[in-house]
Amino acid sequence: MIRTRGRRFTGLAALAAMLALAAPTSAGVIQRSTGLWPDGQVRYSFGPGVTAADQAAVRLAMQSWTTAGAPVRFVAATSGPRLIVLRHQSADGANRCRATVGRGAIDRPPPRGALEQSAGHGAPPTARGFLILSGHCRHRVLVHEIGHVLGLDHEHERSDRSAWLTVRRLPPPAGTGPVALAERETLWRRNYVVRFAIPAPAPRAPTGGVGMTPRVLFTRQYDACSVMHYLEDPTHRRRGVALAFTPAARAEAERRNCFLGGSGGRISSLDVAVLTQAYAVGR
C-alpha cells in the first residue's frame, strides 16, 4: 500500500449508501470510503519504465485473482480512468512494492518520489490508482498489492488480532542513528499498529457474518490465511518488528486447509468471498 510522508492514498468514491443495504459475508476488511472498480473492470496500463518481465509478473498476479474466482476483470487500456503500473528504484535498493487501495473517484498524480525518473516522456501520468514496483517484487507481494487495488485492506491491522497474531517491537541495534530510528518509528505507525476498531462480540452473538462501523466493514471471523495478512517474514524483523501466528491461528489454518498469510500468493477463499459480495452490491 502507498504511504508517503504521513499520507495514505485511498479511493475517494463513497460506498456507504450501497453497502448499507448489503454487506460482505465473509472475511476481510474494506474501508467504507474505498472506491471499487465499476462493474468489476480494472482498466490498467504500464508506465515507460516497466519491463516485459515486470508486465508478465503483474499479469500473473492479476490472473491469480481471477483464477481464484474474484469477480473482476483486468482490461488493458491506454487512456481514461485506469490503474497505472510504474517502476521506481528506491534510493537504498529496498523492495517497496506498493499500491493504492481501490479506485479513486478522480484522477490523481503519482505520489511524490514514486515515479521513475523522467526520460522525455512528458508530464507524469494521472490515474485512478497506482501500482509501484520497486526492486524485485515477489509473486506473493504482487498478489497482495493487487488485493489492495481491488479494495481490500490489511487483515492484521484489525483490533481483534491478538488471538491470532503476536506483534512485538524489537530494540534497535546498538549505534542506530536518529534517522534510522525515525524510519523505524514511521514504519511501525504505517504498517503494524491497529487501525480498524472491531467491536467485541456480544454474548451469544453469531461468530460468522459481517459487522459494520461508520468507518469499516469487517467480518466477525479473523482470517489469518488472507493474502492481505502479513507473513512471519525477516523483512519485519529488519524493520524492528517480530510477528508470530498463535497456536490458535495455526490450528485454524490446519482445520481450513489454508496457508497462513496467503503464503506463496495463495488467495484465501474468504478473500474471494468478501470481494464477491462487495462487488455484487455495486452492480
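Treat the numbers as computed from the prediction; the structure is a model and nothing was measured. (Residues numbered from 1 in each chain as written. Predicted model: local features only at pLDDT ≥ 70, side-chain atom pairs only at ≥ 80, totals over all residues. Heavy atoms only, no water.)

*Asks:* In this structure, what is going on with the state of the cysteines? I would like to understand it.
*Replies:* Counting across every chain of the model gives 2 disulfides. Sulfur-sulfur distance for the disulfide between Cys 97 and Cys 137 comes to 1.7 Å. When the S-S torsion is -85 degrees, as for the bridge of Cys 97 with Cys 137, the disulfide is left-handed. Taken together, the residues Cys 97 in the loop between strand E6 (83-87) and strand E7 (98-99) and Cys 137 in the loop between strand E8 (129-133) and helix H3 (139-150) connect sequence positions 40 residues apart. For Cys 97, a relative accessible area of 11% translates into the label buried. Residue classification places Cys 137 among the buried residues on the basis of a relative accessible area of 10%. Across the disulfide, Cys 225 is cross-linked to Cys 258 (sulfur-sulfur distance 2.0 Å). Judged by the sign of its S-S torsion, about 65 degrees, the cystine formed by Cys 225 and Cys 258 is right-handed. Of this pair, Cys 225 sits in the loop between strand E11 (216-219) and helix H5 (234-238) while Cys 258 is found in the loop between helix H6 (247-256) and helix H7 (269-281), placing the two residues 33 residues apart along the sequence. The pair formed by Cys 225 and Cys 258 is uniform in burial state, with each residue classed as buried. When the cysteines engaged in disulfides are numbered in sequence order, the protein chain pairs them as 1-2, 3-4. (Disulfide = S-S within 2.5 Å. Helix = DSSP H or I, 4+ residues; strand = E, 2+ residues; numbered from the N terminus. Buried < 20%, exposed > 50% of the residue type's maximum accessible area, 1.4 Å probe, protein only.)

*Asks:* Even after reading the chapter, I still don't get H3, so can you show me in this structure?
*Replies:* Along an α-helix, residues three or four positions apart point the same way, because every turn accommodates 3.6 residues. Helix length check: H3 (12 residues) gives 17 Å between terminal C-alpha atoms against 16 Å at 1.5 Å per residue, within 8%. Of all 12 residues in H3, 11 are buried; the element is thus mostly enclosed. Of all the positions in H3, only Arg 140, Val 141, Leu 142, Val 143, His 144, Glu 145, Ile 146, Gly 147, His 148, Val 149 and Leu 150 are classed as buried. Phi for Gly 151, located one or two positions after H3, is positive at around 120 degrees. (Expected span 1.5 Å × (residues − 1).)

*Asks:* Would you explain the environment of Thr 78 in this entry?
*Replies:* As for its placement among the helices and strands, Thr 78 is situated in the loop between strand E5 (73-76) and E6. Accessibility expressed as a relative area gives 73% for Thr 78, which makes it exposed. A C-alpha to C-alpha distance of 5.9 Å links Thr 78 and Ser 45, two positions 33 residues apart in sequence.

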